[in-house]
Amino acid sequence: MELTINGTKHEVDIEPDTPLLWVLRDELGMTGTKYGCGLAQCGACTVLVDGQATRSCVTSVESVARSEIMTIEAITEDTVGQKLVEAWVSNQVPQCGYCQSGQVMAATALLKQSPQPTDEDIAAAMVNLCRCGTYNAIAAAVRQAAEA
Ligand code: FES
Ligand code: FES
């Protein structure tokens, strides 16, 4: 199977129903995308599939074989992603950091679809869980990146 990830084509020899997260981490060594719950509940595994925030732990590789996949490894190659990373740093968002790549990917999808989101838009889109409770800092960083 051929997957397009961060603009590069990768050949993987894998069962079609294997979750994308497993392929990213175990087959391709792209460990920036995290495993949290494995049940589509936490969002730690969020990547972009054709620009949409997608939970890779429950997404089969077969279903994304003809899509553009973007992971946290390429975030600073993306204009929106770069602005978000800068805002994340200046707001010192992460605590333990475990959820943060998924949070940044969710924020990237949001700003691509809604460049000037309202507080309600941010609350509706930023639903990934954070055990450290960084939600206010995340919202502040998204607002800052949108203004930038
Ligand atoms: S690991 Fe995918 S949603 Fe939690
Ligand atoms: S920063 Fe620790 S889980 Fe979010």
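Refer to the structure above for everything that follows.
All values reported here derive from a predicted model rather than from experimental measurement. (Residues numbered from 1 in each chain as written. Chains lettered and ligands numbered in written order. Predicted model: local features only at pLDDT ≥ 70, side-chain atom pairs only at ≥ 80, totals over all residues. Heavy atoms only, no water.)

## What to know about the pattern of salt bridges
Going through the model one piece at a time under the given rule, you end up with two salt bridges. Close ionic contact of Lys112 with Asp78 constitutes a salt bridge, the shortest N to O distance being 2.7 Å. Of the two residues, Lys112 sits in helix α3 (residues 100-113) while Asp78 sits in the loop between β5 (68-70) and α2 (79-90), which places them 34 residues apart along the sequence. On the accessibility criterion, Lys112 (38% relative accessible area) is partly exposed. (Salt bridge = Lys/Arg side-chain N within 4 Å of Asp/Glu carboxyl O. Helix = DSSP H or I, 4+ residues; strand = E, 2+ residues; numbered from the N terminus. Buried < 20%, exposed > 50% of the residue type's maximum accessible area, 1.4 Å probe, protein only.)

## Describing unusual backbone geometry
Unusually for a residue other than glycine, Ala40 sits at a positive phi of about 65°. By secondary structure assignment, the location of Ala40 is in the loop between α1 (20-27) and β3 (46-49). Residue Asp50 is not a glycine yet carries a positive backbone phi of 50°. Assignment of secondary structure puts Asp50 in the loop between β3 and β4 (52-55).

## Quick notes on the pairing of strand β2 (residues 8-11)
With four bridges connecting them, strand β1 (residues 2-5) and β2 associate as antiparallel partners. Within β2, the residue paired with Glu2 across the bridge is Glu11. The turn joining β1 and β2, which pair antiparallel and follow one another in sequence, is formed by two residues; a positive phi near 55° is taken by Asn6. (Pairing = 2+ DSSP bridges.)

## Some words on the packing of aromatic side chains
What the rule picks out here adds up to one aromatic pair. Ring centres of Trp22 and Tyr35 lie 5.7 Å apart, and the angle between their planes is 90°; on these two criteria the pair is classed as edge-to-face. Taken together, the residues Trp22 in helix α1 and Tyr35 in the loop between α1 and β3 connect sequence positions 13 residues apart. Classification of Tyr35 by relative accessible area gives partly exposed; the value is 38%. (Phe/Tyr/Trp six-rings, centres within 6.5 Å; stacked < 30°, edge-to-face > 60°.)

## Remarks on the nonpolar core
Leu84, Trp88, Leu111 and Val142 are the most contacted members of the largest nonpolar core, which has 23 residues in total. The set of elements that each furnish at least two residues to this core consists of α2, α3 and α5 (135-147). Take this core: its biggest share by element is seven residues, from α3. Counting residues domain by domain, this core receives three or more from each of domain 1 (2-73) and domain 2 (75-147). When residues no more than four places from it in sequence are discounted, the contact partners of Leu84 are Val104, Ala107, Thr108, Leu111, Val142 and Ala145. With 13 residues, the next largest nonpolar core counts Val23, Leu24, Met30 and Val64 among its residues. (Core = buried A, V, L, I, M, F, W, Y, C linked by side-chain atoms within 4.5 Å. Domains from an automatic or database assignment. Contact = heavy atoms within 4.5 Å.)

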